[in-house]
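Here is how the chains run, residue by residue.
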Amino acid sequence: MKLTGAQALVKSLEMQGVDVVFGLPGGAILPVYDPIIDSPIRHILVRHEQGAGHMAEGYAQATNRPGVAIVTSGPAATNIVTPLADAYMDSIPMVVITGQVATSSIGTDAFQEADTTGITMSITKHNWLVKDANEIPETIAQAFHVATTGRPGPVLVDLPKDVANQMMDWYWPETIDLPGYRPNTKGHPRSIAAAARMIKEAKAPVFYIGGGCIRANATSALFSLVEKTQIPVVTTLMGRGAFPDEHPLCLGMPGMHGNYTAITSMQKADLLITLGARFDDRVTGKVSGFAPNAKVIHVDIDPAELGKVRRADIPIVGDVKLVIQELIEALDRGEAGEMQAQDISAWISQIRQWQEKYPLAYEKDPADGSLKPQYVVETLSSLAPPGTILASGVGQHQMWGSQYWKFNDANTWINSGGLGTMGFAIPAAIGAKVGRPDKMVWAVDGDGCFQMTAQELVTASAERIPVKIALLNNAYLGMVRQWQEMFYDQRYSEVYLSPDLPDYVKWAEAMGCVGIRVESPEEVAPAIEKANEIDDRSVVIEFRTDWREKVFPMVPSGSTNDEVFLGPMFEGK
């Protein structure tokens, strides 16, 4: 069967089971957009290429399937660089297809030419510049394989316009041959056995759980391991939902804005069982002072992560789901099976004391009647149906979302962790809703983030993708303002926005959404309940929150986690 390169590309996506792509056409990619008309693949037309990338990320985070974006050359390719970098940092599987000028024009500074593969080399697992239409099926098969195996991540395929128009004989590769790409999935038996013994010998152990457990579909195995060992669990920002918050052994999020118990349990632990986490600086604080008395078991599918920040006593390269299953077996057999585990009841008792003495806290009934952002998120969480997906932008609202929303299921927390990309929430929420149309999707956003990507709500309206946005409007770039207040002698440089400019309700309505404004605590629940009942279009609720509110607890940058500041609610205690 004779096909053009463009037809072969679209058919290759169909062979991969792709059901939706996010994109925006342009000159170099035009040949690909013609066969999309005849394809069962749904195309969602975005308003900015960055939105296409974040939608693909949101889709991937909600479904654990690769998100796909298609954009043209030059500025379109550079516009999707940020989502690629974001996905690379957070191990999100994504396949991006970019148009490119004709092969004869590459290197001549042709109209809308950019060295896309060069630009994205450091922020993709791999990228390809296709120079022959006959390579397209094999390249697409390889791209999806690389994006979804080993440590997941983004890949990019750059397709010159003349290659897209070139004729080829259709085929589909039966096998994928990548000699230099062999991810190790099974843990070494001796390391597994040693880890099992170390777990049983520990008197103050903690499971340190990262987003890798979610990407590996390891949450069920993790639950079994925790139930078996009765060891408490901390879940990082990217790992929220990997272990249910409602479980009594879940301590919540550690790190710079984690809760006291999660932070301190890691500091005082004698063993960190690290599964799919990477010792990020936001978790460790000052590395030399992090968990000083703890031995470390570190499980990660990416060998580059082992020893990168903290030396592991037992490093294990492997798929975290398989390693957890192997650990469970090792705890029951051989030398480890015959060992009596240490009694950790005193450790659990100490943790319960910390939880009781130092809970997350904010001023519940302020005398001036101001609206606290924490209260908004708490109310959102309490009124959300089970399994609701929450997306987030980046800043104070992201931290309050992670702190005050109750996550009991994996793939329900969609956020930008490593790169910290403002403007992530709205397009990511749209992508999540496309991937999981059966789920209610809320996004918590700040006024700074909202102004970066709100135009994608036009996409949501045009494509009938109903999402709900909780906009915490404090008229500031809140997290930057918090740092300037605490560390720059209240010298507020370029952080004030405005409570009234723009008018968010009118803006929401102009984009085809329902717009609601909330200014007092008693209005919060009725507004959320109203939004929950609307399912035929998107809703934006502008919550005018107290601009003075800061995120606590907080470990100042460069400090150890022992120097956590709990905030004014605990002054004098």
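- As annotated in an unreviewed UniProt entry, the protein carries the name Acetolactate synthase and is attributed to Acidithrix ferrooxidans.
- Its UniProt record gives the protein the following Catalytic activity (unreviewed entry) comment, quoted word for word: "2 pyruvate + H(+) = (2S)-2-acetolactate + CO2".
- Here is the UniProt Sequence similarities (unreviewed entry) comment for the protein, exactly as written: "Belongs to the TPP enzyme family."

Brief notes about helix H5 (residues 81-90)
So, step 1. Residues Pro 83, Leu 84, Ala 85, Asp 86, Ala 87 and Asp 90 constitute the buried set of H5.
So, step 2. In this fold, the buried residues of H5 make contact with helix H3 (49-63), helix H4 (75-79), strand S5 (94-100), helix H6 (116-120) and strand S7 (154-160).
So, step 3. Following H5 by one or two positions, Ser 91 has its phi on the positive side, about 60°.

Details of the pairing of strand S15 (residues 389-392)
So, step 1. Taking every second residue as pointing to the same face, both faces of S15 are buried, with Ile 389 and Ala 391 on one and Leu 390 and Ser 392 on the other.
So, step 2. Here S15 pairs with strand S17 (residues 441-446) via four bridges, running parallel. Within the sheet, the bridge partner assigned to Ser 392 lies in S17 and is Val 444.
So, step 3. The sheet contact formed by S15 and strand S16 (residues 413-414) spans two bridges and is parallel. Bridge assignment links Ala 391 to a residue of S16, and that residue is Ile 414.
So, step 4. The parallel pair S15 and S16, bridged by helix H18 (residues 396-404), forms a crossover whose chirality is right-handed.

Some remarks on the packing of helix H17 (residues 373-383) against helix H24 (residues 524-533)
So, step 1. Here H17 crosses H24 at 45°, and the two axes come no closer than 10 Å. Overall, the two elements H17 and H24 adopt an arrangement that is oblique. H17 and H24 meet at a crossing whose hand is right-handed. Two secondary-structure elements touch here, H17 through Tyr 375, Val 376, Thr 379, Leu 380 and Leu 383 and H24 through Val 524, Ala 525, Ile 528, Glu 529 and Asn 532.
So, step 2. By residue class, the composition of the contact of H17 with H24 is seven nonpolar, two polar and one charged.

Examining the pattern of salt bridges
So, step 1. Within this structure, the stated rule accounts for 24 salt bridges.
So, step 2. Among the salt bridges present, the one from Lys 228 reaches Asp 332, with a minimum N-O distance of 2.7 Å. Remark: Asp 332 occurs in helix H14 (residues 320-332) and Lys 228 occurs in helix H11 (residues 219-229); sequence separation between them is 104 residues.
So, step 3. Ionic contacts of the salt-bridge type, sharing partners, join the residues Glu 363, Asp 368, Lys 372, Asp 546, Arg 548 and Glu 549 into one network.

Quick look at the domain arrangement of the protein
So, step 1. When its domains are assigned, the protein resolves into domain 1 (2-169), domain 2 (189-358) and domain 3 (373-544).
So, step 2. Computed from C-alpha coordinates alone, the two centres of domain 1 and domain 2 are separated by 37 Å.
So, step 3. Each partner contributes residues to the interface: domain 1 has eleven residues there, and domain 2 has eight residues.
So, step 4. Buried area between domain 1 and domain 2, summed over both chains or domains, comes out near 780 Å², and the portion from carbon and sulfur atoms is 46%.
So, step 5. Three residues stand out in domain 1 for area buried against domain 2, namely Asn 64, Asp 90 and Arg 151, and they jointly supply 61% of the buried area on that side.
So, step 6. Where domain 1 packs against domain 2, one counts two salt bridges.
So, step 7. Between Glu 305 and Arg 151 there is a salt bridge; the shortest N-O distance is 2.8 Å.
So, step 8. Here domain 1 is connected to domain 2 by five residue pairs in polar contact (both at pLDDT 80 or more).
So, step 9. Listed by contribution, the elements that provide at least two residues to the side of domain 1 that touches domain 2 are H3 and H5.
So, step 10. In the side of domain 1 that touches domain 2, the residues fall into five nonpolar, four polar and two charged.

Looking at the sheet that holds strand S20 (residues 539-544)
So, step 1. Within the open sheet, the six strands sit side by side as S16-S15-S17-S18-S20-S19. Their pairing is parallel. The open sheet has two free edges, formed respectively by S16 and strand S19 (514-518), since each of these has just one partner strand.

Overview of the nonpolar core
So, step 1. Counting residues in each nonpolar core, the largest one holds 64 residues, and the members touching the most others are Phe 207, Leu 272, Leu 275, Ile 297 and Trp 347.
So, step 2. Ranked by residue count, the leading element in this core is H14, at six residues.
So, step 3. With sequence-adjacent residues up to four places away left out, Ile 297 is seen in contact with Ala 195, Met 198, Ile 199, Leu 271, Leu 272, Ile 273, Thr 274, Ile 314 and Ile 316.
So, step 4. By size, the runner-up hydrophobic cluster in this structure holds 48 residues, among which are Phe 22, Ala 425, Ala 428 and Leu 471.

The rules behind these values
Residues numbered from 1 in each chain as written. Predicted model: local features only at pLDDT ≥ 70, side-chain atom pairs only at ≥ 80, totals over all residues. Heavy atoms only, no water. UniProt positions renumbered as here; feature names shortened; annotations may be inferred. Buried < 20%, exposed > 50% of the residue type's maximum accessible area, 1.4 Å probe, protein only. Helix = DSSP H or I, 4+ residues; strand = E, 2+ residues; numbered from the N terminus. Contact = heavy atoms within 4.5 Å. Pairing = 2+ DSSP bridges. Right-handed = clockwise from strand over helix to strand, strands pointing away. Axes fitted to C-alpha atoms, helices over the stretch in contact; angles between N-to-C directions. Parallel < 35°, antiparallel > 145°, perpendicular 65-115°, else oblique. Left-handed = near helix turned anticlockwise from the far one by under 90°. Nonpolar A, V, L, I, M, F, W, Y, C, P; charged D, E, K, R; others polar. Salt bridge = Lys/Arg side-chain N within 4 Å of Asp/Glu carboxyl O. Domains from an automatic or database assignment. Buried area = accessible area lost by both parts, 1.4 Å probe. Polar contact = N/O pair within 3.5 Å; in protein donor to acceptor, adjacent residues only side chain to side chain. Core = buried A, V, L, I, M, F, W, Y, C linked by side-chain atoms within 4.5 Å.

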